[in-house]
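# Geometric and topological summary
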Amino acid sequence: MKTDELREKYLSFFESKGCIRRPSDVLVPKDDPTVLFTPAGMNQFKNQFLGIGPLEFTKATTCQKCLRTGDISNVGVTAYHHTFFEMLGNFSFGDYFKKEAIHWAWDFLTSKKWLGLEADRLTVTVYKDDDEAFNIWNKEVGLPPDRIRRDDEYENFWPAGSPTNGPDGVCGPCSEIYYLPPGSQKTVEIWNLVFTQFNRVGAPPDNLRPLPKQNIDTGMGLERCASTLQGVLSNFEIDILKPLCHAAAEIVGVKYDFHAPEGRPVRRIVDHIRACTFAIHEGCLPGNEKENYIVRLLLRRASMEAYRLGRQEPCLHQLVPAITEMMRGPYPELTKTIETVSTAIAAEERQFLGVVERGVSKFHKLVEQTRGQNRTQISGEEAFDLHQTDGFLIELTENLAAAEGLTVDMEGFQVCRERAKEASGRGAFADSVMSEGPLDALRKSGGTEFLGYDSTSAEAKIVGIIAHQRLVDTFDRTGPSDPIGVVLNRTPFYGEAGGQVGDTGQIFTLDTEFVVEDTQRNGDLIVHIGHLKSGKLTTGLTVLAEVDAPRREGIRRAHSATHLLHYALRTTLGENATQRGSKVEQDQLRFDFAHAKQLTAEELLQIEDLVNARISDGADVNIQTLPLSEAKKLGAMALFGEKYPDKVRVVTMGDFSLELCGGTHLANTGQVGVCRVLKEELVAAGVRRITCLTGPKALTRMRETDALVREAAALLKAPHPEDLPRKILSLQEELREARRELARFTAQSLADNARELVAAAPVIDGVKVLVHRADGVPREALKEFIDHLRACDPNVAVLLGVVSDGKVALSAAVSKPLIARGLNASDCVKTAAKVAGGGGGGRPDLAEAGGKLPEKLDEALAAGLEYYRSKLTI
Ligand code: SER
């Protein structure tokens, strides 16, 4: 059975049982800070399991894109490990429970109409205390007791070991179904049925509270089940992965044979590039933090495999079209981003391979050094240096070290990493408030009602205060302290989302003032972050929440202008210039979009004109809430990697722009006033960024530019600004002439100077060595100075240095006979330049160099003299 067929069969089977077929959630969930990537099918249903919010349906079935990196080193080695994989699931939220879940699973697996697996090849496990599940398998399904194994919480609970070790939250015993493939001695787990019936709170004992409603969460690894049905020995041999292994091998230039030594690395490449294709498709580019770091790690690991197989140039991006082709059935949207994904992978490959050679040889030196010192561990500093300078992410170094039988001092590495982080000044203001524990507790009492589409002030009640990562009932410390978080039952404050920054303002009563410096969202909660200026905050207190309205106005202008810019980009550059990210602030916006080339000045003008034309049209901005399917029919663009609720907010401007957006907007495009493009730049491979100003900020910027031009005109004594270019050109010409004059002048004095210098130069072993700090000599005249010196005595070794424009310039010359004695002008300047913080070189008889440290010039000259001396006194 083909994998696509299995996927479809599973979903239609559970549809026939009344489950609603839901689309896969995104792979990179932005609204769940507890995970970087979606790890399982149940992730998108966390609220339903906890009974939070309205229930639109009580049973569902999905095929979920998942990514797990816990077992990354097993990928390609074992038959069944992946990073990216698809998980088939069926879910009940207080609807069906154990009995149906078990019967349906059995029916789906064994019935001829569905998978038709031989019942005798199936065994199951249950949690040790779960008699209910045992009895259903034994008495109702008819499995003999010797094919039902009972196991502990580490094997038969989900999450594994959660009763003892946590995490807190929904959990329950599970029952796993195993299959024994024909001809094999080893059973394979193909399905995990979790009976989510508890909420874990705190440490044992008595920490498992029965949930008001019992739930079902089952997960079947698609690739794993396909491999059993296709009778192949590894997931990588199934119909959707084997062709990719062959494609990857061809790209890398090896022959793919499952058992050959090349087999493992090729499988790893396929797994990792497939994972990255899905992640980057959702806009998750390789980077240094969180999920972006994982993408970078996967790409570098894959690159390293290709490098070791002998392909030492970027090539893995060529696999993207094949992956897309293979997965286009269930994920047709992948075809839209082939180019951006390939470009991003190629860029990362280039960057990594550019340094890998040096890194590999540095790594081998490290290995030798470590062994030479009788150590078995690479130190934290060494590993950090490889990480920082050579792009060997720590996991890669660990991996390479393990292959050499060495370990890495991970603690030492973390210390170095933290130090570097501190030095670069990171540490988000909001982090201290947005910690999960207190927010989870608050979430249970419902979300915050958002009133800010219609107003900027409202009366509300405090429902939660978060200080020092704890929920507190009252807070009265004023003055400088850590920021605290305040949650209200309703608020006009917009929590940062969809690129739009959070509102600022104040929350107050007659005698209390809380200054809101940022507003963040976490699920349905809106958290006001800031400092208490006076009075006391108490849970239950009625307060007035007032947004800084002029700032919000500026944000609305910038947000509406962002939609205009998106429209203008697509009109000017084509449909593929789609949004990749944005940041909307007060009268200032940044918009990232897919585009391979730098924009021309003409394109930029055209875009700016188009935006301003739509502003002066004064088009109405309309906002509707519609079912997602209807919005799509109207032509709304759903962005890849964004998760949308069933009902979406549609923002329309005139008849030219229609976007799904939760942000705050103007009523009419004319209210933007004006929009100026400030700059256009590259942010990542295949992604460009445009920065704009709107309304008063655009006007202020234009005034500042005008003032600058006027000032420049006054300084240059140009009567009109239009005269400026001509004036500048003529000044440049005057300057050139003056320099020429100066050089002529200098030449004469240099000639005079040279005679004296040569006469006074020290003689070392019969050779005149002239090392001189030529203050006042322009750097351009150094060579001429050397000619004069040589004219006085052809057989000199010279090194001259000056400080010019705050930088060091060095010139050295050695006559031909002296070269024969081992003197080299290039080596001499290099030696000196190194001291002065720079470098350079040239011919053995004449060389030049520069340096960044003027205060080191004397030291640099001394080093040059020392160089000549050492060569002459050998
Ligand atoms: N959540 C469980 C798992 O991931 C069942 O779907 O195994």
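Within each chain, residue numbers correspond to sequence positions counted from 1 in written order. Since the coordinates come from a predicted model, pLDDT governs what is reported: local features require at least 70, and pairs of side-chain atoms require 80 or more to be given and counted, while whole-chain, interface and lining totals use all residues. Side-chain figures throughout are based on the complete set of non-hydrogen atoms in the structure, without hydrogens or water.

### Re the overall build of the protein
Where helices and strands are cited, they refer to DSSP runs of H or I of at least four residues and of E of at least two residues respectively, numbered from the N terminus. If you tally the helices and strands in the protein, you get 24 helices and 35 strands. About 40000 Å² of surface is accessible on the protein, with carbon and sulfur atoms providing 50% of the total. Residues scored as positive are Lys and Arg, those scored as negative are Asp and Glu, and His as well as the terminal groups of each chain are ignored. We put the charge of a Lys on NZ, of an Arg on CZ, of an Asp on CG and of a Glu on CD. Put simply, the protein has 105 plus and 121 minus side-chain charges, and the middle of one group is 2 Å from the middle of the other. Areas reported as accessible are Shrake-Rupley estimates using a 1.4 Å probe. Residue values count occlusion only from the protein chains shown.

### What to know about the site of the ligand
Being near a molecule or strand, for a residue, comes down to having at least one heavy atom within 4 Å of it. Within the structure, the ligand sits among Ala40, Met42, Arg68, Met87, Trp158, Asn192, Val194, Asp217, Thr218 and Gly219. Arg68 is positioned such that a nitrogen or oxygen atom in its side chain is 3.1 Å from an oxygen atom of the ligand. Whenever a nitrogen or oxygen atom comes within 3.5 Å of another N or O atom, the pair is scored as a polar contact, on the condition that within protein one atom can donate a hydrogen and the other can accept it, and that pairs from neighbouring residues in sequence are kept only if both atoms are in side chains. The contact in question runs from an oxygen atom of the ligand to an N or O atom on the side chain of Asn192, over 3.2 Å. Relative to its free-state accessible area of 230 Å², the ligand is covered by the protein chains to the extent of 95%. The set of elements that each furnish at least two residues to the shell around the ligand consists of β8 (188-200) and β9 (208-221). Per element, the largest residue contribution to the shell around the ligand is three residues, and it comes from β9.

### Some points on the pattern of salt bridges
The term salt bridge refers to a side-chain nitrogen of Lys or Arg lying within 4 Å of a carboxyl oxygen of Asp or Glu. Under the definition given, this model contains 46 salt bridges. Of the charged contacts, one joins Arg689 and Asp592 as a salt bridge, the two residues approaching to 2.7 Å between their closest N and O atoms. Of this pair, Arg689 sits in strand β29 (residues 687-694) while Asp592 sits in strand β24 (residues 588-594), placing them 97 residues apart in sequence. Here the two residues Arg689 and Asp592 agree in accessibility, since each one is buried. Taking the shortest distance from any N to any O, the salt bridge between Glu680 and Arg688 comes out at 2.6 Å. The classification of residues rests on relative accessible area computed with a 1.4 Å probe and restricted to protein chains. Under 20% of the type maximum is buried, over 50% is exposed, and intermediate values are partly exposed. Its relative accessible area of 7% is what places Arg688 among the buried residues. The network of salt bridges with shared partners includes Arg358, Lys362, Asp385 and Asp390.

### Here's the deal with the environment of Leu67
Topologically, Leu67 is positioned in strand β2 (residues 59-67). For the pair Leu67 and Cys276, spaced 209 residues apart in sequence, the C-alpha separation works out to 9.9 Å.

### Quick look at the nonpolar core
Grouped together as the largest cluster of nonpolar side chains are 89 residues, with contacts concentrated most on Trp137 and Trp191. With nine residues, the top contributor of residues to this core is helix α8 (residues 263-281). Whether two residues touch is decided by their heavy atoms; if any such pair falls within 4.5 Å, the residues are in contact. The residues contacting Trp137, other than those within four sequence positions of it, are Ile102, Trp106, Val124, Val126, Gly142, Leu143, Ile148, Ser175, Ile177 and Leu193. Residue types Ala, Val, Leu, Ile, Met, Phe, Trp, Tyr and Cys, when buried and joined through side-chain atoms within 4.5 Å, form a set referred to as a nonpolar core. Ala568, Ala577, Phe593 and Cys692 belong to the second-largest nonpolar core, a separate cluster that totals 32 residues.

### Brief notes about the packing of aromatic side chains
In summary, the pairing rule links any two rings of Phe, Tyr or Trp, Trp by its six-membered ring, whose centres are within 6.5 Å, and it sorts them by plane angle into stacked for under 30 degrees, edge-to-face for over 60 and tilted for everything else. This structure, assessed with the given rule, holds 29 aromatic pairs. Aromatic pair Phe14 and Trp104: ring centres 6.4 Å apart, planes at 65°, arrangement edge-to-face. Of this pair, Phe14 sits in helix α1 (residues 3-16) while Trp104 sits in helix α3 (residues 98-110), placing them 90 residues apart in sequence. The exposure class of Trp104 is buried, given its relative accessible area of 15%. Summarising the aromatic geometry, the rings of Phe352 and Phe392 are spaced 6.0 Å apart at their centres and angled 45° between planes, so their arrangement reads as tilted. Of this pair, Phe352 sits in helix α11 (residues 338-372) while Phe392 sits in the loop between α12 (380-390) and α13 (394-403); the two residues are 40 residues apart in sequence, bridging distant segments of the chain. By relative accessible area, Phe352 is classed as buried at 0%. An aromatic cluster is built from Tyr10, Phe13, Phe14, Tyr96, Trp104, Phe108, Trp114 and Trp191, whose rings are joined through pairwise contacts.

### Focus: the sheet that holds strand β35 (residues 846-851)
Two orientations exist for strands paired in a sheet by backbone hydrogen bonds: parallel and antiparallel. When DSSP finds at least two bridges between two strands, those strands are taken to pair. Strand order in this open sheet of six strands is β30-β31-β32-β33-β35-β34, and the pairing throughout is mixed. Every interior strand has two partners, whereas the edge strands, β30 (763-764) and β34 (838-842), have only one. Sheet topology places strand β32 (residues 796-804) next to strand β33 (residues 807-814); eight bridges connect them, and they run antiparallel. Looking across to β33, one finds that Gly801 is bridged to Leu810. Axes here mean lines fitted to C-alpha atoms, for a helix over just the part in contact, with angles spanning 0 to 180 degrees between N-to-C directions. Along the sheet, helix α21 (residues 782-792) contacts β31 (767-773), β32, β33 and β35; its crossing angle with β32, the most-contacted strand, is approximately 150°. Against the sheet, helix α23 (residues 825-835) contacts β32, β33, β34 and β35, and its axis sits at roughly 155° relative to β33.

### Regarding the packing of helix α20 (residues 724-760) against α21
Where α20 contacts α21, the two axes come as close as 8 Å, and the packing angle between them is 45°. The pairing of α20 with α21 is recorded here as oblique in orientation. Like other packed secondary-structure pairs, α20 and α21 cross with a definite hand, here right-handed. Of the residues in α21, those touching α20 at Ala747, Leu750, Ala751, Asn753, Ala754, Arg755, Leu757 and Val758 are Glu784, Phe785, His788, Leu789 and Cys792. Three classes are used: nonpolar for Ala, Val, Leu, Ile, Met, Phe, Trp, Tyr, Cys and Pro, charged for Asp, Glu, Lys and Arg, and polar for all others, with Gly counted as polar. Partitioning the contact of α20 with α21 into residue classes produces nine nonpolar, two polar and two charged. Oblique is the label for any angle not covered by the other classes, which are roughly parallel (under 35 degrees), roughly antiparallel (over 145) and roughly perpendicular (65 to 115). For any helix crossing, the convention is left-handed if the near helix is rotated counterclockwise from the far helix by under a right angle, and right-handed if that rotation is clockwise.

### Here's the deal with the sheet that holds strand β25 (residues 621-627)
Read across the open sheet, the three strands follow the order β25-β26-β27; overall the sheet is antiparallel. On the outer flanks of this sheet lie β25 and β27 (657-660), each paired with one strand and no other. Taking the axes of each pair of neighbouring strands and ignoring which way they run, one obtains an average angle of 25° across the sheet. Sheet topology places strand β26 (residues 647-653) next to β27; four bridges connect them, and they run antiparallel. Considered in β27, the bridge of Thr652 is made with Leu658.

### Observations concerning the pairing of strand β19 (residues 513-522)
Here strand β18 (residues 505-508) pairs with β19 via four bridges, running antiparallel. Bridge pairing links Gly505 to Val516 in β19. Hairpin connection, β18 to β19: the antiparallel pair is bridged by four residues. Both β19 and strand β20 (residues 525-534) contribute to a ladder of nine bridges, which runs antiparallel. Paired with Asp518 across the strands is Ile529, a residue of β20.

### Let's talk about the confidence of the model for the protein
Every residue is assigned a pLDDT by the predictor, reflecting its confidence on a scale from 0 to 100. Here the protein averages 91 in pLDDT, and 98% of its residues register 70 or above. Within the model, the stretch residues 424-429 combines pLDDT values under 50 with seven contacts to residues more than four positions away or in other chains.

### What about α1?
Multiply 1.5 Å by the residue count of a helix minus one, and that product is the helix's expected span. Here α1 is 14 residues long and its end C-alpha atoms lie 20 Å apart, about the 20 Å a rise of 1.5 Å per residue gives. Taken together, the buried positions of α1 are Thr3, Leu6, Arg7, Lys9, Tyr10, Leu11, Phe13 and Phe14. Just beyond α1, the residue with positive phi is Gly18, at close to 95°.

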